[in-house]
Amino acid sequence: MADPKPGAADASAEIETKRLSLRPLTPADAPALFEALQASREPLRRRLSWVDDVHGVADEEMFILAADEARERGTAQVCGVFERASGGLLGVASLSPIETAHASKAELEAWIRVDSQDKGFGAEAARALCEHAFHKLQLHRLYARIDPANRPSRKVLKRLHFRYEGTLREDKKLNGRWVQQECWGLLRSEWQKQHK
Ligand SMILES: CC(C)(COP(=O)(O)OP(=O)(O)OC[C@H]1O[C@@H](n2cnc3c(N)ncnc32)[C@H](O)[C@@H]1OP(=O)(O)O)[C@@H](O)C(=O)NCCC(=O)NCCS
């Protein structure tokens, strides 16, 4: 395995919040990850284009290994979101891609298993990754792309003070139809202003 790039995230690094622990996934997490996806498959596939490509634990293992390689290269940080009280896997939150050549930015993305949504976990995980991105990784900008019908995501982004930056028309194909993508962004200066 290649040496980690300077600045690449430490595999053992956990990000702790009041109720959550975020850490890089390992192959041992693949069964729990697949179970969480199975329990949430229909609602998630309405929002996330990769869901139909995941057929079993082996696909999750491949996803985890690819995420680990990207973490070592410093081009992504993909975290399992675990509930501290139960140790259960609630979902995934990621900074991916992380771009540091000619930019200093990352895309923020998250999903939470359906039976654990609406309990504030999504916002708590996203807030923790924003803090990590701006303070630990010293990134300049975070952005997110969401389907305009994705009201829970919009609420989470607004709560974290992301700003709406415009809409990309027919930007991607989801379940056979073209969908628009709303662009939301947050600068480090804006984050710091909120957390003085
Ligand atoms: C987006 C997502 C991660 C949020 O996770 P979560 O744990 O439910 O988030 P939270 O509980 O912190 O916040 C959700 C907010 O949306 C609100 N909400 C939920 N359903 C809603 C709806 N249909 N209309 C409007 N608001 C809604 C909740 O009330 C909550 O608002 P509040 O903070 O004012 O109480 C989760 O909905 C998810 O996994 N969605 C599918 C994947 C996805 O779309 N990911 C985003 C791509 S970047």
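Residues numbered from 1 in each chain as written. Predicted model: local features only at pLDDT ≥ 70, side-chain atom pairs only at ≥ 80, totals over all residues.

Q: Could you give me a rundown of the sheet that holds strand 5 (residues 105-112), with the residues and numbers involved?
A: Pairing between the strands of a sheet comes from backbone hydrogen bonds, and it takes one of two forms, parallel or antiparallel. Ordered in space as 1-2-3-4-5-6-8-7, the 8 strands form an open sheet in which the pairing is mixed. Lying at the two open borders of the sheet, with one neighbouring strand each, are strand 1 (15-16) and strand 7 (163-174). Judged from the 6 bridges that link them, strand 3 (residues 77-83) and strand 4 (residues 89-99) form a sheet pairing that is antiparallel. In the sheet register, Gly80 faces strand 4, and the bridge partner there is Val92. Packed on one face of the sheet, helix 2 (residues 57-73) meets strand 2 (20-24), strand 3 and strand 4 and runs near 120° to strand 3. (Pairing = 2+ DSSP bridges. Helix = DSSP H or I, 4+ residues; strand = E, 2+ residues; numbered from the N terminus. Contact = placed C-beta atoms within 7 Å. Axes fitted to C-alpha atoms, helices over the stretch in contact; angles between N-to-C directions.)

Q: Describe the pairing of strand 4, with residues and values.
A: In textbook terms, the turn of a hairpin is the stretch between consecutive antiparallel strands, and for strand 3 and strand 4 this stretch comprises 5 residues, one of which, Gly87, has a positive phi near 80°. Here strand 4 runs beside strand 5; their pairing, made up of 7 bridges, is antiparallel. Pairing of Leu95 across the sheet is with Leu108, part of strand 5. The turn linking strand 4 back onto strand 5 is made up of 5 residues, and His102 within it adopts a positive phi angle of 65°.

Q: How would you sum up unusual backbone geometry? Please name residues and give values.
A: Note the cis peptide between Ser96 and Pro97, where omega equals 0°. Even without being glycine, His102 reaches a positive phi, approximately 65°. Given 5 C-beta atoms within a 10 Å radius, His102 is considered exposed. Positive phi outside glycine occurs at Asp118, with the angle close to 65°. If you trace the backbone, Asp118 turns up in the loop between strand 5 and helix 3 (121-136). Residue Asp118 is classed as exposed on the basis of its 10 C-beta neighbours within 10 Å. (Buried ≥ 20, exposed ≤ 12 C-beta atoms within 10 Å, placed from the backbone.)

From the geometry alone we can't say anything about function, so treat these as descriptive.
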